[in-house]
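Each chain, letter by letter, is given below.
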Amino acid sequence: MKTVWGIIELFGGLEALQRKHLRIENRAYMPLVIEFIGEGPRGLPLISVAHTYIQEGDVMYDPEMTFEVDPQNPREWGPITYRQDNLGIHQQAVWRTEQGQVMIAPRLARDLKAFARTWNKNLREQGFILAARSLLNAQFLARVAP
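Counting restarts for each chain, with residues numbered from 1 along the sequence as it is written. This being a predicted model, a pLDDT of at least 70 is required before a residue's local features are given, and a value of 80 or more before pairs of side-chain atoms are given or counted; all residues contribute to the totals for chains, interfaces and linings. Hydrogens and waters are ignored; side-chain quantities use all the structure's heavy atoms.

## Some thoughts on unusual backbone geometry
A cis geometry characterises the amide bond from Asp62 onward to Pro63, with omega recorded as -5 degrees. Think of it this way: any DSSP run of H or I at least four residues long counts as a helix, any run of E at least two long counts as a strand, and we number them from the N terminus. Assignment of secondary structure puts Pro63 in strand β4 (residues 58-70). At Arg27, a position not held by glycine, the phi torsion is positive, near 40 degrees. Among the structural elements, Arg27 can be located in the loop between β1 (22-26) and β2 (29-39). For Glu56, which is not a glycine, the phi torsion comes out positive at approximately 50 degrees. With respect to the helices and strands, Glu56 occurs in the loop between β3 (45-55) and β4.

Now the structure itself:
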């Protein structure tokens, strides 16, 4: 998810994301929402990446994936969950048992990693980095405007 990491870095990195989520609007596409949501099953920072829309007053995810990100190697994202509300899908590739053991569904983890590569490419091609830069510029101008 290099595209998403690039957006996170534009807005101050993981530390800034822990204080405030990001919502990137981009023309004809659903908004992209990126947020720090806590600690993942391996004890690493857990980040949610989602396209969202509102249906009957509820936020819907189309899709949402959560990833563990190692701050020492932030370009390597480990997929944890996948959610697609309009299809009723919720999948979990990595979890922690009550005894504290980390469990992995290897085939699902591979499938989610492959999907994340495709999604990353689509986000880049759809111009979400440019939209994030525009948002950042607009926020800067709003702060310095008289």
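From this point on, the discussion continues.
## Focus: helix α3 (residues 106-125)
To estimate the expected span of a helix, subtract one from its residue number and multiply by 1.5 Å. Between its first and last C-alpha atoms α3 spans 29 Å; for 20 residues at 1.5 Å apiece the expected length is 28 Å, and the two agree. Of all the positions in α3, only Leu108, Ala109, Leu112, Ala116, Trp119, Asn120 and Leu123 are classed as buried. One side of α3 holds all its buried residues, which, seen down the axis, span an arc of 115 degrees. Pointing more than 90 degrees away from the buried face of α3 are the exposed residues Arg107, Arg110, Arg117 and Glu125. A positive phi of about 85 degrees marks Gly127, the residue just after α3. Only protein chains enter the area calculation, which uses a 1.4 Å probe; residues under 20% of their type maximum are buried, those over 50% are exposed, and those in between are partly exposed. Our arc is simply the arc of the directions from the helix axis toward the C-beta atoms.

## Quick look at the pattern of salt bridges
Salt bridges are identified by distance alone: a Lys or Arg side-chain nitrogen within 4 Å of an Asp or Glu carboxyl oxygen. Inspection of the entire model under this criterion finds seven salt bridges. Arg75 is paired through a salt bridge with Glu9; the nearest N and O atoms lie 4.0 Å apart. On the criterion of sequence distance, the pair formed by Arg75 in strand β5 (residues 73-84) and Glu9 in helix α1 (residues 2-10) is long-range, its members being 66 residues apart. Given the relative accessible area of 46%, Arg75 is considered partly exposed. For Glu68, the salt bridge is made with Arg42, and the minimal N-O distance between the two is 2.8 Å. Note that Glu68 is positioned in strand β4 and Arg42 in the loop between β2 and β3, a separation of 26 residues in sequence. Take Glu68: its relative accessible area is 2%, and that puts it in the buried class.

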